[in-house]
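Overview (structure and organization)
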Amino acid sequence: RKLLSTLGDTPQALRDLSVSLSNVGRVSRDLGELEAARVAYAESLDLSRKLHSALGESPQTLRDLRILLNNLAVVSNDLGDSETAQALFTERDNLA
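A few points on the structure.

Calculation notes
- Residues numbered from 1 in each chain as written.
- Predicted model: local features only at pLDDT ≥ 70, side-chain atom pairs only at ≥ 80, totals over all residues.
- Heavy atoms only, no water.
- Helix = DSSP H or I, 4+ residues; strand = E, 2+ residues; numbered from the N terminus.
- Rg over C-alpha atoms; globule rule 2.2 N^0.38 Å.
- Buried < 20%, exposed > 50% of the residue type's maximum accessible area, 1.4 Å probe, protein only.
- Contact = heavy atoms within 4.5 Å.
- Areas by Shrake-Rupley, 256 points an atom, 1.4 Å probe, with all protein chains shown as cover.
- Expected span 1.5 Å × (residues − 1).
- Axes fitted to C-alpha atoms, helices over the stretch in contact; angles between N-to-C directions.
- Parallel < 35°, antiparallel > 145°, perpendicular 65-115°, else oblique.
- Left-handed = near helix turned anticlockwise from the far one by under 90°.

Some points on the overall build of the protein
A tally of regular secondary structure across the protein gives five helices and zero strands. Going from N to C terminus, the protein has its helices and strands arranged as α-α-α-α-α. For the protein, whose C-alpha radius of gyration is 13 Å, the value lies close to the compact-globule estimate of 12 Å for 96 residues. Along the longest, intermediate and shortest principal axes, the C-alpha atoms of the protein span 40 × 30 × 15 Å. Burial status across the protein gives 34% buried among its 96 residues. Taking contacts inside the protein between residues at least 6 apart in sequence as the whole, the part at least 24 apart equals 51%. Only carbon and sulfur atoms are counted for the fraction: they give 53% of the accessible area of the protein, which is about 5600 Å².

Looking at helix α3 (residues 34–55)
Over its 22 residues, α3 runs 31 Å from end to end, which matches the ideal 32 Å to within 8%, given 1.5 Å per residue. Among the structural elements, α2 (11–30), α4 (59–78) and α5 (82–93) are those in contact with the buried residues of α3. Downstream of α3 by a residue or two, Gly56 has a phi angle that is positive, lying close to 85°.

A few points about the packing of α4 against α5
Contact pair α4 / α5: the axes reach a minimum separation of 8 Å and the direction vectors enclose 165°. Comparing the axis directions of α4 and α5 gives the class roughly antiparallel. As α4 runs across α5, the sense of the crossing is left-handed. Residues Arg66, Leu69, Asn70, Leu72, Ala73, Val74, Ser76 and Asn77 of α4 touch α5, and the partners they reach there are Ser82, Thr84, Ala85, Leu88, Phe89, Glu91 and Arg92.

See below:
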């Protein structure tokens, strides 16, 4: 977050923060802290969507989006929110 505030919304700074938040989400999920995982994955997904909009459909942006949509879908399902999980899985599957 500090790099992002220092460097601004550069693609690399945004992706670095997105990856870091995804890692936080994974650890939180492993610890059974599903709501914390959901929050981290959701913020990471927002950043990934921002990058996708700015950079277009590169292999990296599509891969990152698919991973984050999947991660958030799994946690949503774990939390009992199957409708959100289904919508996220569908969005993941519909990416080019």
